[in-house]
Amino acid sequence: MTNADLEKLVDTTDEWITTRTGIKERRIARDMATSDMAVEACKRAMEMAETKGEEIDVLVAATVTPDYKLPSLGCVIQEKLSLPNAVAFDVVSACTGFINGLTIANAYIETGSYKKIMVVGVEKLSTFVNYRDRNTCILFGDGAGAAIFAPSHNGRGVQSTFMKSDGSMREMLWSKSGGAAFPVTEEFNFDGTDKVMMNGSDLFKVAVKEMGNAATEVMQKAGVDSSEISIIIPHQANIRIIEALAKRLKLDMNKVFLNIEKYGNTSAASVPLALDEANRQGRINEGDYVLMVAFGGGLIWGSALIKW
Ligand code: ACO
């Protein structure tokens, strides 16, 4: 879906969307369920990691757009992918979902509870966006990305993680109706409150501040200076948020991986999609410090530092 397509739906322009967000296109999964996208991403991760379904101990599905309210998306993916020895469950942390999943995977591995953990960030936000609201519909897209975590050797792997949330700001980005608080009943008047609702300018400020703090936190924990970071994989929410973050961290923009132009904001899929593209493009080499940082509805934010 291009900006020109959106010009036909709401009062907006390609120029406004491009300059205010950096987004030119987003992907819409018309004939695929959230689980289908996740399965595709997981298959590619398993192929790259030369891992069979039986070897996966845990599947963490990070999403706010599961196929069903019940059961979890993780269990649907487990069946479709055939992961007979795994426990599968969901993590609901919006755009920070993949980093939260990574943090859980890292903790399981450090405690020796499980060995092979697949984390998939996946969203079908096109079902969740109000295409009459120009403040939100221009931002979001569908996608999936996955990674497999296992015990590392020679000091490589996850060096540090950081997670923080503040529920008092939850109404900056939320969906009011459709849950148990305001259920969609026969009398429900569809007014857009079951879709994404957002206060963009307030979110913008919190995002820059807290993504900056989260990134600094993981570098300090690992004793790594920002000059040692080879590549930063930020949540792709808005090019201006990313530029402000890079400035705050004193990191050159050529160290920042960007694909927002093609996908828009894919929430939990954003970081693993960018990580995968950076990796497949040869932008990440053995021994590189890779910094990932995200921020999203909750509000919840987090970061992870990996030695590749
Ligand atoms: N097309 C044209 N005009 C628009 C559009 C649009 N699609 N959307 C809003 N406008 C108008 C507004 O109505 C407003 O008009 P007014 O001044 O007459 O009232 C004007 O543009 C400016 O609106 P702002 O909201 O102040 O614009 P801003 O520069 O803040 O950009 C944006 C809006 C892009 C949403 C920005 O605030 C943003 O990216 N915020 C972060 C939100 C985000 O990324 N949320 C996703 C989840 S959280 C996360 O992932 C970080």
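Residues numbered from 1 in each chain as written. Predicted model: local features only at pLDDT ≥ 70, side-chain atom pairs only at ≥ 80, totals over all residues. Heavy atoms only, no water.

**Quick look at the nonpolar core**
One finds Ile-229, Ile-232, Leu-291, Phe-295 and Leu-299 to be the most contacted residues of the largest nonpolar core, which totals 43 residues. The element that contributes the greatest number of residues to this core is helix H7 (residues 200-222), accounting for nine residues. Each of domain 1 (3-153) and domain 2 (158-307) gives at least three residues to this core. Counting residues in each nonpolar core, the second largest holds 25 residues, with Val-58, Phe-98, Ile-109 and Ile-117 among its members. (Core = buried A, V, L, I, M, F, W, Y, C linked by side-chain atoms within 4.5 Å. Buried < 20%, exposed > 50% of the residue type's maximum accessible area, 1.4 Å probe, protein only. Helix = DSSP H or I, 4+ residues; strand = E, 2+ residues; numbered from the N terminus. Domains from an automatic or database assignment.)

**Side note on the domain arrangement of the chain**
Segmenting the chain into domains produces domain 1 (3-153) and domain 2 (158-307). Taken together, the 46 residues of domain 1 in the interface contact 42 residues of domain 2. Summed over both partners, the interface of domain 1 with domain 2 comes to about 3400 Å²; 65% of that surface belongs to carbon and sulfur atoms. On the domain 1 side of the interface with domain 2, the three residues burying the most area are Cys-95, Ile-99 and Phe-128, jointly 19% of the side's total. Seen at the junction of domain 1 and domain 2, the total is zero salt bridges. Viewed at the interface, domain 2 and domain 1 are joined by 17 residue pairs in polar contact (both at pLDDT 80 or more). Per element, the largest residue contribution to the side of domain 1 that touches domain 2 is seven residues, and it comes from helix H5 (residues 97-111). (Contact = heavy atoms within 4.5 Å. Buried area = accessible area lost by both parts, 1.4 Å probe. Salt bridge = Lys/Arg side-chain N within 4 Å of Asp/Glu carboxyl O. Polar contact = N/O pair within 3.5 Å; in protein donor to acceptor, adjacent residues only side chain to side chain.)

**Observations concerning helix H3 (residues 34-48)**
Each α-helix turn comprises 3.6 residues. Residues three or four places apart therefore point the same way. If you check H3, its first and last C-alpha atoms are 22 Å apart, about what 15 residues at 1.5 Å a residue would give, namely 21 Å. Those residues of H3 that fall on the buried side of the exposure criterion are Thr-34, Ser-35, Met-37, Ala-38, Val-39, Ala-41, Cys-42, Ala-45 and Met-46. Buried positions along H3 lie against strand S1 (58-62), helix H4 (73-81), strand S3 (117-123) and strand S4 (143-149). Positive phi shows up at Glu-50, right after H3, with a value of about 50 degrees. (Expected span 1.5 Å × (residues − 1).)

**Overview of the sheet that holds strand S9 (residues 289-296)**
Across the sheet, which stays open at both edges, the four strands sit in the order S5-S10-S9-S8 with mixed pairing between neighbours. A strand with exactly one partner marks an edge of an open sheet, and here the two such strands are strand S5 (157-165) and strand S8 (229-234). Taking each pair of neighbouring strands and ignoring which way they run, the sheet shows an average axis angle of 15 degrees. Bridge count for S5 against strand S10 (residues 300-307) is eight bridges, and the pairing is antiparallel. Counted as the bridge partner of Ser-160 is Leu-305 from S10. Contacts from H5 reach S5, S9 and S10 within the one sheet, and its direction differs from that of S5 by about 125 degrees. (Pairing = 2+ DSSP bridges. Axes fitted to C-alpha atoms, helices over the stretch in contact; angles between N-to-C directions.)

**Examining the pattern of salt bridges**
In total, this model carries 12 salt bridges according to the counting rule given. For the salt bridge of Lys-80 with Asp-36, the shortest nitrogen-to-oxygen distance reads 2.8 Å. Of this pair, Lys-80 sits in helix H4 while Asp-36 is found in helix H3, placing the two residues 44 residues apart along the sequence. One salt bridge connects Asp-276 with Arg-280, and the closest N-O pair in it is separated by 2.8 Å. You can see Asp-276 and its partner Arg-280 sitting in helix H10 (residues 270-280), four residues apart, about one turn around the helix. Under the relative-accessibility criterion, Arg-280 is labelled partly exposed at 47%.

**Here's the deal with the packing of H7 against helix H8 (residues 239-248)**
In the contact formed by H7 and H8, the axes pass within 9 Å of each other and the chain directions differ by 40 degrees. Taken as axis vectors, H7 and H8 run oblique relative to one another. When the axes of H7 and H8 are compared, the crossing they make is right-handed. Contacts between H7 and H8 involve Phe-204, Ala-207, Val-208, Lys-209, Met-211, Gly-212 and Asn-213 from the first element and Arg-240, Ile-241, Ala-244, Leu-245 and Arg-248 from the second. Looking at side-chain class alone, the contact of H7 with H8 contains seven nonpolar, two polar and three charged residues. (Parallel < 35°, antiparallel > 145°, perpendicular 65-115°, else oblique. Left-handed = near helix turned anticlockwise from the far one by under 90°. Nonpolar A, V, L, I, M, F, W, Y, C, P; charged D, E, K, R; others polar.)

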